[in-house]
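Next come the chains, spelled out residue by residue.
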Amino acid sequence: MHTILLEISDVIEQASADLLREYDPERLYALRVSARRTRSILKHIGDHRSRRFRKSWGGFTATTNESRDWDVFLATAEQLLSGDDFTDFSNLNQERVQSCHEAVIEMLRSAPWRRHLEEWRICLERADEDNSDMAQDNDALDRALTKACLVLERALAVDDDRSWHKFRIAVKEVRYVADAGKDDPQRALYLAGVVETCKVLQTLLGDWHDTVVQLNMLEELEAAPVHDRLATVIKQRKQQFLAEIRDMVAGHPLFSQDPINFT
């Protein structure tokens, strides 16, 4: 896990430097994914220092949430709307989007962020690679899969936004834990299968979650015909994505009581 954390940290630092030169949605996405992967790994280390860093990473990532939501919303609106409607949508919300982007840059320039990165690097440099943690890694994946199965069972029964969102988070956890242990030669094929399954499902769950977020955002925006048209289309997309998710998980062995063995 130590080697993977070093690699992820390099991505975070590069994305941060790139964003400070020029805001770019893809660089922000890379930073956010890497921070989430870091938090997932720290969760399974479990000591006091790991918990402290996990909380810090979570706080900084939360600062970027609104900016990421708007980046995705703009890209989606451009696909769904006519040229004139998209221009209207962009103009109506330009100041709001710019404010979100500026908040990200302000965070990356802040002393707390710089201090956090410095402390994190020192922590990684002092940490020793421990190859004896393989069994712990396997246990972490088993726990993540068990939780995902239970959360999915509830999502299928309750079928509301909150329960499906919890399943989305559980699938992320499974993927990140499996990815962190991919260097284990005895389980490499199995872990690759787990990661690939989760990637496909994550895409569907992410698309569904975007529709939930976008509908909530539209409720908070000023009334406008273009906002009403978007809401109608996005509601249809939400139901479509959820139907595809149900089809994929129905009887899927990875999320059953007897997970598939990819070896």
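So, how was this worked out
Residues numbered from 1 in each chain as written. Predicted model: local features only at pLDDT ≥ 70, side-chain atom pairs only at ≥ 80, totals over all residues. Heavy atoms only, no water. Helix = DSSP H or I, 4+ residues; strand = E, 2+ residues; numbered from the N terminus. Rg over C-alpha atoms; globule rule 2.2 N^0.38 Å. Buried < 20%, exposed > 50% of the residue type's maximum accessible area, 1.4 Å probe, protein only. Contact = heavy atoms within 4.5 Å. Areas by Shrake-Rupley, 256 points an atom, 1.4 Å probe, with all protein chains shown as cover. Lys, Arg positive; Asp, Glu negative; His and termini not counted. Charge placed at Lys NZ, Arg CZ, Asp CG, Glu CD. Phe/Tyr/Trp six-rings, centres within 6.5 Å; stacked < 30°, edge-to-face > 60°. Lys NZ or Arg CZ within 6 Å of the ring centre and 35° of its normal.

K.L.:
Looking at this model, I keep getting lost on the overall build of the protein chain. Mind explaining?
P.N.:
In terms of helices and strands, the protein chain carries 10 helices and 0 strands. Seen in sequence order, the protein chain has helices and strands lined up from the N terminus as α-α-α-α-α-α-α-α-α-α. At 20 Å, the protein chain has a C-alpha radius of gyration in line with the 18 Å of a compact globule built from 263 residues. Projected onto its principal axes, the C-alpha coordinates of the protein chain cover approximately 60 × 50 × 25 Å. Expressed as a percentage of its 263 residues, the buried residues of the protein chain come to 46%. Across the protein chain, contacts joining residues at least 24 apart in sequence account for 76% of those joining residues at least 6 apart. Summed over its atoms, the accessible surface of the protein chain is roughly 14100 Å², and 48% of this surface lies on carbon and sulfur atoms. Taking the average place of the 35 positive charges on the side chains of the protein chain and the average place of its 46 negative ones, the gap between the two points comes to 5 Å.

K.L.:
Hey, could you run me through the side chain of Asp85 in this one?
P.N.:
Here Asp85 lies in helix H5 (residues 83–109). Taking the relative accessible area as the measure of exposure, Asp85 reaches 15% and is therefore buried.

K.L.:
Before we go on, may I ask you to explain the packing of aromatic side chains in this structure?
P.N.:
Two descriptors summarise a pair of aromatic rings, namely the distance from one centre to the other and the angle between the planes of the rings. For the coordinates displayed, the defined rule picks out 9 aromatic pairs. Taking the centre distance of 5.8 Å and the plane angle of 90 degrees together, the rings of Trp57 and Trp120 count as edge-to-face. Of this pair, Trp57 sits in helix H3 (residues 48–63) while Trp120 sits in helix H6 (residues 111–126); the two residues are 63 residues apart in sequence, bridging distant segments of the chain. For the pair Trp57 and Trp120, one class covers both residues: buried. Between Trp164 and Phe167 the ring centres are 6.1 Å apart and the planes differ by 75 degrees, which places this aromatic pair in the edge-to-face class. Here the residue Trp164 and the residue Phe167 both occupy positions in helix H8 (residues 161–180), the gap between them amounting to 3 residues, near one helical turn. You can call Trp164 buried: its relative accessible area is 1%. A relative accessible area of 0% means that Phe167 is categorised as buried. Through a chain of ring-to-ring contacts, three or more aromatic side chains come together here, namely Phe53, Trp57, Phe60, Trp113 and Trp120. Stacked on the ring of Phe53, the Lys or Arg Arg52 has its end atom at 4.7 Å from the ring centre.

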